[in-house]
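Survey of secondary and tertiary structure
Here is what each chain is made of, one letter per residue.
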Amino acid sequence: MTPAWQRLEATASSPFKRSFLRGLMILDRSSYYAILVAMGMMTLLVSAQVFTRYVLSSSIDSADELSRLFFVWAIFLAIPHGIKVGIHVGIDALVAYFPETLQRRLAQLMSWVGAAMMGALFWISIGAVASKWQEMMPTLPVTAALFYIAVLVCAAHSCLHLVAQALGLEPLPSAPERRGGTPT
């Protein structure tokens, strides 16, 4: 556990908040390792495909589909980590000039709005997974819904981080001006 997580857990006032943070930490750690595995598998698969195509004059039938699947999973697993630290795109040309208290309140409100949107995306993703479940990938005997399951996992994980930020359990992303930058 990192020192930052220890400080966050120490400031969490209730057992529920501490449990929520600990569960989120475990989910983050699992997600980090899953990203590493997905990126590693994608790299190995593409490298093997290049080798077999140009050295052995052959091809791995499912290489394109599998490498795309690993790429999609790596990207969608990484999105919640970007939300957690605030590296997603934000336009704060006006908000950066508001008082700090108002900026914090607006950031909390936007975290709630973002969490609601991720909840909606989660719900829609369930329908997408259900409708694609019977469809098989062309070169593999697995469901094409695997692509949509990545979106479902991303929406749930992102929603949890946004709720944690809205509740004050995680630090809200700071405005660039307070980080020494200029408003965008």
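How each quantity is defined
Residues numbered from 1 in each chain as written. Predicted model: local features only at pLDDT ≥ 70, side-chain atom pairs only at ≥ 80, totals over all residues. Heavy atoms only, no water. UniProt positions renumbered as here; feature names shortened; annotations may be inferred. Helix = DSSP H or I, 4+ residues; strand = E, 2+ residues; numbered from the N terminus. Buried < 20%, exposed > 50% of the residue type's maximum accessible area, 1.4 Å probe, protein only. Contact = heavy atoms within 4.5 Å. Areas by Shrake-Rupley, 256 points an atom, 1.4 Å probe, with all protein chains shown as cover. Core = buried A, V, L, I, M, F, W, Y, C linked by side-chain atoms within 4.5 Å. Expected span 1.5 Å × (residues − 1). Polar contact = N/O pair within 3.5 Å; in protein donor to acceptor, adjacent residues only side chain to side chain. Axes fitted to C-alpha atoms, helices over the stretch in contact; angles between N-to-C directions. Parallel < 35°, antiparallel > 145°, perpendicular 65-115°, else oblique. Nonpolar A, V, L, I, M, F, W, Y, C, P; charged D, E, K, R; others polar. Salt bridge = Lys/Arg side-chain N within 4 Å of Asp/Glu carboxyl O.

Going by an unreviewed UniProt entry, the protein carries the name TRAP transporter small permease protein and comes from Halomonas korlensis. According to UniProt, the comment filed for the protein under the heading Subcellular location (unreviewed entry) is "Cell inner membrane". Its UniProt record, at the heading Subunit (unreviewed entry), says of the protein: "The complex comprises the extracytoplasmic solute receptor protein and the two transmembrane proteins."

Turning our eyes to something else, we now look at the overall build of the protein. Across its full length, the protein carries six helices and zero strands. A burial count over the protein gives 36% of its 184 residues as buried. In the protein, of all internal contacts separated by at least 6 residues, the share reaching a separation of at least 24 is 68%. Total accessible area on the protein stands at roughly 11100 Å², and carbon and sulfur atoms take up 70% of it.

Residues Leu69, Trp73, Met137 and Phe147 are the most contacted members of the largest nonpolar core, which totals 13 residues. Elements that contribute at least two residues to this core include exactly α3 (63-85) and α5 (146-166). Here Leu69 is in contact with Met137, Leu146 and Phe147, once residues within four sequence places are set aside. Counting 12 residues, the second largest nonpolar core, distinct from the first, contains Leu24, Ile83, Leu162 and Leu169.

According to UniProt, the positions carrying the feature "transmembrane region" (unreviewed entry) are residues 32-51, 71-97, 109-133 and 145-169. What you have in residues 71-97 is 56% helix and 0% strand, and the ends, taken at the C-alpha atoms, are 39 Å apart. End C-alpha atoms of residues 109-133 are separated by 36 Å, and the span's content is 96% helix alongside 0% strand.

Further remarks concern the environment of Ser67. Topologically, Ser67 is positioned in helix α3. Residue classification places Ser67 among the buried residues on the basis of a relative accessible area of 13%. It is 7.9 Å that separates the C-alpha atoms of Ser67 and Thr43, two residues lying 24 residues apart in sequence.

A separate point is α5. Over its 21 residues, α5 extends 30 Å from the first C-alpha to the last, a length consistent with the 30 Å expected when each residue adds 1.5 Å. α5 sits mainly inside the fold: 16 of its 21 residues count as buried. Positive phi shows up at Gly168, right after α5, with a value of about 85°.

Attention shifts here to the side chain of Ser125. Within the secondary structure layout, Ser125 lies in helix α4 (residues 100-132). A distance of 2.7 Å separates the side chain of Ser125 from the backbone oxygen of Leu121, its partner in a polar contact. Not counting chain neighbours up to four residues away, the residues in contact with Ser125 comprise Tyr148, Val151 and Leu152.

Relative to each other, α3 and α5 sit at 5°, their axes nearing to 8 Å. Overall, the two elements α3 and α5 adopt an arrangement that is roughly parallel. The segment α3 lies against α5, with Glu65, Arg68, Leu69, Val72, Trp73, Phe76, Leu77, Ile79, Pro80, His81, Ile83 and Lys84 engaging Leu146, Phe147, Ile149, Ala150, Val151, Val153, Cys154, His157, Ser158, His161, Leu162 and Gln165. Among the residues forming the contact of α3 with α5, the class breakdown is 16 nonpolar, five polar and three charged.

Next up on the list: α3. In this model, α3 (23 residues) spans 33 Å end to end at C-alpha, consistent with the 33 Å of a helix rising 1.5 Å per residue. Among the residues trailing α3, Gly86 stands out with phi positive, at a value near 75°.

Now for the pattern of salt bridges. By the definition in use, this model includes three salt bridges. One salt bridge in this structure joins Lys84 and Asp28, with 3.2 Å as the shortest N-O distance. With a gap of 56 residues between them, Lys84 in helix α3 and Asp28 in helix α2 (residues 15-54) connect regions that are remote in the sequence. Glu135 is the salt-bridge partner of Lys132, the closest N and O atoms lying 3.3 Å from each other. Take Glu135: its relative accessible area is 40%, and that puts it in the partly exposed class.

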